[in-house]
Amino acid sequence: MNPEHLKIRSSEYWYESLRDNIMPWVIGGVDLGDDVLEVGPGPGLTTDLLRPRMKVLTTVELDDKMAADLSSRLAGTNVRVVHGDATAMPFEDHRFTGATSFAMLHHVPTTEMQDQLFTEVARVLKPGGVFAAFDGITNPGIATFHEKGIYHPIDPNTLESRLSAAGFTSIEVETNELGWAAKARVSA
C-alpha cells in the first residue's frame, strides 16, 4: 500500500464509510459465527468494526509492520493477529465459522494468487461457513491512486465462477457505486 493509500485507509472518512455504508451492505444479516477470520486487515479499521460483533476474530496480514502494529494495538482483546500470507494460511482445515475481506483483494498481484486466496479461505472455513468480501470496481481514478503500489482489481462479473472453482456455493455478487460485495458458502 502506498503512503497516500495508507493515509486514506487509516482516516476517519474511511472508518465512517465502512461503518455506515460498506459493512452494513456486505455483512448485514450475515451470520459469520463466533470464530471469524479477517483477511488483510491493513491498518485495522475493519478489525475495529468487526471485533465487537465476534467472540473471536483472527486476522491474517502480509505486511509485517501493519501486522505488528495491529497486534500491539489490540493486545488483550478478542483479536489474534497473524503475520502471514493469505494464499498459504497457517491454519488447519475447517478452522473458522466465517471469513471476511474488505478492500484488499485488489492488492493481491495476480489472478492466480487471488484464486489461491479464495481456495485457502474455502479450506479454512467449516462446512456451511460464509465468506463475505468487498472491493472496489476498477476505474481510472482508483488506478491512478494506486500508482507505485499493487493494483489488480477483480471484475465482479468473474467472481461467481472464480468462487465456485475455489469450492464455494450459494454465491451472491452485487455491485453498486461503492464497488462489489460477494457472499458465498462452503458446502455443508
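Refer to the preceding data block for the structure.
Our subject in this report is the structure included herewith. Keep in mind that what you see is a predicted model, and the values were worked out from it rather than measured. (Residues numbered from 1 in each chain as written. Predicted model: local features only at pLDDT ≥ 70, side-chain atom pairs only at ≥ 80, totals over all residues. Heavy atoms only, no water.)

## Focus: the pairing of strand E1 (residues 35-39)
Here E1 lies mainly inside the structure; 5 of its 5 residues are buried. Burial along E1 is two-sided: Asp35, Leu37 and Val39 facing one way and Val36 and Glu38 facing the other are all buried. Sheet topology note: the E1/strand E2 (residues 56-61) ladder contains 5 bridges and is parallel. Across the sheet, residue Val36 finds its bridge partner in E2, namely Leu57. Tracing the backbone out of E1, into helix H3 (residues 45-50) and back to the parallel element E2 gives a crossover that is right-handed. Summarising the sheet, E1 and strand E4 (residues 96-102) pair through 4 bridges and their orientation is parallel. Each bridged residue has a counterpart across the sheet, and for Leu37 the counterpart in E4 is Ala99. (Buried < 20%, exposed > 50% of the residue type's maximum accessible area, 1.4 Å probe, protein only. Helix = DSSP H or I, 4+ residues; strand = E, 2+ residues; numbered from the N terminus. Pairing = 2+ DSSP bridges. Right-handed = clockwise from strand over helix to strand, strands pointing away.)

## Topic: the pairing of strand E6 (residues 168-176)
The pairing of E6 with strand E7 (residues 179-186) spans 7 bridges and is antiparallel. Bridging from a neighbouring strand, Phe168 pairs with Val186 of E7. In this structure, the hairpin formed by E6 and E7 is closed by a connection of 2 residues.

## Looking at the packing of helix H5 (residues 111-124) against helix H7 (residues 156-165)
Each pair of packed helices can be described by the angle between their axes along with the distance between the axes. Two numbers describe how H5 lies on H7: the axes approach to 9 Å, and their chain directions differ by 55°. Taken together, the axis directions place H5 and H7 in an arrangement best described as oblique. Here H5 and H7 pass one another in a crossing that is right-handed. Here Thr111, Gln114, Asp115 and Phe118 of H5 lie close against H7, whose contacting residues are Leu159, Arg162 and Leu163. (Axes fitted to C-alpha atoms, helices over the stretch in contact; angles between N-to-C directions. Parallel < 35°, antiparallel > 145°, perpendicular 65-115°, else oblique. Left-handed = near helix turned anticlockwise from the far one by under 90°. Contact = heavy atoms within 4.5 Å.)

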